[in-house]
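Here is how the chains run, residue by residue.
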Amino acid sequence: MKKSIIVLLAVCSALCMCACGSSSKKLVMATNAAFPPYESVEGDKIVGIDPEIAQLIADDLGMELVIEDMAFDSIIAAVQSGKADIAMAGMTVTEDRKENINFSDPYTTAAQVILVKNTSTVKTPDDLANLTVGVQIGTTGDIYAEDIEGATIERYSKYFEAINALAQGKIDAVIVDREPGKVFVSENPDLVMIDEEFTVEEYAIGVSKENTELLNNINASLKKLKESGKIDEIIGKYIKAE
Ligand code: ARG
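Residues numbered from 1 in each chain as written. Predicted model: local features only at pLDDT ≥ 70, side-chain atom pairs only at ≥ 80, totals over all residues. Heavy atoms only, no water.

Trainee: Hey, could you go over the sheet that holds strand E14 (residues 206–207) for me, with residue numbers and the actual values?
Mentor: In space, the five strands of this open sheet follow the order E5-E1-E6-E14-E7, with mixed pairing throughout. Every other strand in the sheet has two partners, leaving strand E5 (64–69) and strand E7 (102–103) as the edge strands with one partner each. As judged from the two bridges shared by strand E1 (residues 26–31) and strand E6 (residues 86–87), these two strands associate in the parallel manner. Among the inter-strand pairings, methionine 29 is bridged to a residue of E6, identified as isoleucine 86. Against the sheet, helix H2 (residues 49–61) makes contact with E1 and E5, and its axis sits at roughly 150° relative to E5, the strand it touches most. (Pairing = 2+ DSSP bridges. Helix = DSSP H or I, 4+ residues; strand = E, 2+ residues; numbered from the N terminus. Contact = heavy atoms within 4.5 Å. Axes fitted to C-alpha atoms, helices over the stretch in contact; angles between N-to-C directions.)

Trainee: Hey, could you go over the nonpolar core for me, with residue numbers and the actual values?
Mentor: Judged by nonpolar contacts, the single largest core of 40 residues is most densely connected at Ile53, Ile86, Leu115, Val174, Ile205, Ile218 and Leu222. Every element with two or more residues in this core is listed here: E1, H2, strand E8 (108–117), helix H6 (159–167), strand E11 (173–177), helix H8 (212–227) and helix H9 (230–238). When sequence neighbours within four positions are dropped, the list of residues in contact with isoleucine 86 reads Leu27, Val28, Met29, Ala30, Val79, Ile205, Gly206, Val207, Leu214 and Ile218. Within the second largest apolar cluster, 15 residues are counted, among which are Val28, Ala30, Met91 and Ile101. (Core = buried A, V, L, I, M, F, W, Y, C linked by side-chain atoms within 4.5 Å. Buried < 20%, exposed > 50% of the residue type's maximum accessible area, 1.4 Å probe, protein only.)

Trainee: Any details on the pairing of E11? Residues and values, ideally.
Mentor: Taken across its five residues, E11 has five buried, putting it largely inside the fold. Pairing analysis gives four bridges linking E8 to E11, with the strands arranged antiparallel. Residue pairing in the sheet places valine 113 in a bridge with valine 176 of E11. As paired elements, strand E9 (residues 132–136) and E11 share two bridges and run parallel to each other. Looking at E11, one finds that valine 133 is bridged to alanine 173.

Trainee: Explain H9 to me, and be specific about the residues and the numbers.
Mentor: Note: α-helices contain 3.6 residues per turn, so residues at a spacing of three or four share the same orientation. Those residues of H9 that fall on the buried side of the exposure criterion are Ile231, Ile234 and Ile235. Angular distribution of buried residues about the axis of H9 spans 95°; they occupy a single face of the element. Facing away from the buried side of H9 by more than 90 degrees, the exposed set consists of Asp232 and Glu233. On its buried face, H9 is in contact with H2, E8 and H8. (Arc of directions from axis to C-beta.)

Trainee: Residues and numbers for the pattern of salt bridges, please.
Mentor: Enumeration according to the criterion identifies 10 salt bridges in this entry. Across the pair lysine 224 and aspartate 60 runs a salt bridge whose closest N-O atoms are separated by 2.9 Å. Highlighted residues: lysine 224 in helix H8 and aspartate 60 in helix H2, separated in sequence by 164 residues. Residue lysine 224 is classed as partly exposed on the basis of its relative accessible area, which comes to 47%. A relative accessible area of 35% places aspartate 60 in the partly exposed class. Salt bridges linked by common partners bring Arg178, Glu179, Lys182 and Glu197 together as one network. (Salt bridge = Lys/Arg side-chain N within 4 Å of Asp/Glu carboxyl O.)

Trainee: How would you summarise the packing of aromatic side chains if you had to cite specific residues and measurements?
Mentor: The final tally for this structure, using the stated rule, is six aromatic pairs. For the ring pair tyrosine 38 and tyrosine 203, a centre distance of 5.0 Å and an interplane angle of 80° mean the geometry is edge-to-face. Of this pair, tyrosine 38 sits in the loop between strand E2 (34–35) and strand E3 (39–42) while tyrosine 203 sits in strand E13 (residues 199–203), and the two are 165 residues apart along the sequence. The two residues tyrosine 38 and tyrosine 203 agree in class, both being buried. An aromatic cluster is defined as three or more aromatic residues linked by ring pairs; in this entry it consists of Phe35, Tyr38, Tyr107, Tyr159, Phe184 and Tyr203. (Phe/Tyr/Trp six-rings, centres within 6.5 Å; stacked < 30°, edge-to-face > 60°.)

By themselves, these are just geometric observations and shouldn't be taken as functional.
If you want it as C-alpha cells, here you go:
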C-alpha cells in the first residue's frame, strides 16, 4: 500500500514536471484585429498574415502564442508596460515609435493609399486639400493626414467605421494601408483606390526596449523564416500578385 502511494507520487511528480516543462512561456502579441489581410476576426479566431508569422516565430522559440485584440493606439503602451510581449499589427516602423519601443527587422513593405467614392473628383493626394479625411486613430495615415493643407481629420477607432462614413458620403476620403484598402474596396463597390501612393513603409514587430533578448531571438527566427521562404509563402496566401 505504502509502496504504491510512493510510486503514485513519483508518477504524479514526473507528470507534473513534464507538464510544467511543456507548458512553455507565453508570447503575448498585441494587435488590432480589424485590418485584413494582416489580422481580422473569423468566428472566434484571429486570422491573417501577422498571426501566422507570429505562430511560426513562437514555434521556433518554443513559446506559446497568445493574441490580445485591442485598440490600435493602445498597442505600444501594452508592449511598454509588459502587458504584451510583442506588437504585431501591420505596424509601420517610424522614428517616433522607435522612441518608445524597439522594432525587429522588417518583415514586409507596405504603403498608405487614398480611398474615395467612385464619383469623387479626387485623383491625387494633392486633391485632398480642404477636404474631410478619415483615418484610424494613431496610425501613420493619421500622421500623414495632418500634413494635408486645410483638411479636416475624422479619427475612428476602426478602419471599417471610416469606410462606412466614406460609403455614406459623410467624409471625402480615407487614408489606409494598401492591402487592407484593397480588401475594403472589394467589399464596397462604390469605393475606389487612388493609384498614387502616399508613402512607402515597412512593417516590423515591436518589442519592449527592456527585452533585447526577445528582440534578438525574433530577428533570428525572422531571418530563418525569410530564408526558407515561409514569410513569402504566408504573404502570398493572403495577397495575390496582380
Ligand atoms: N501601418 C499603419 C500604422 O502602423 C496602420 C496599422 C493599423 N493596424 C491595425 N491592425 N489596425 O500606423
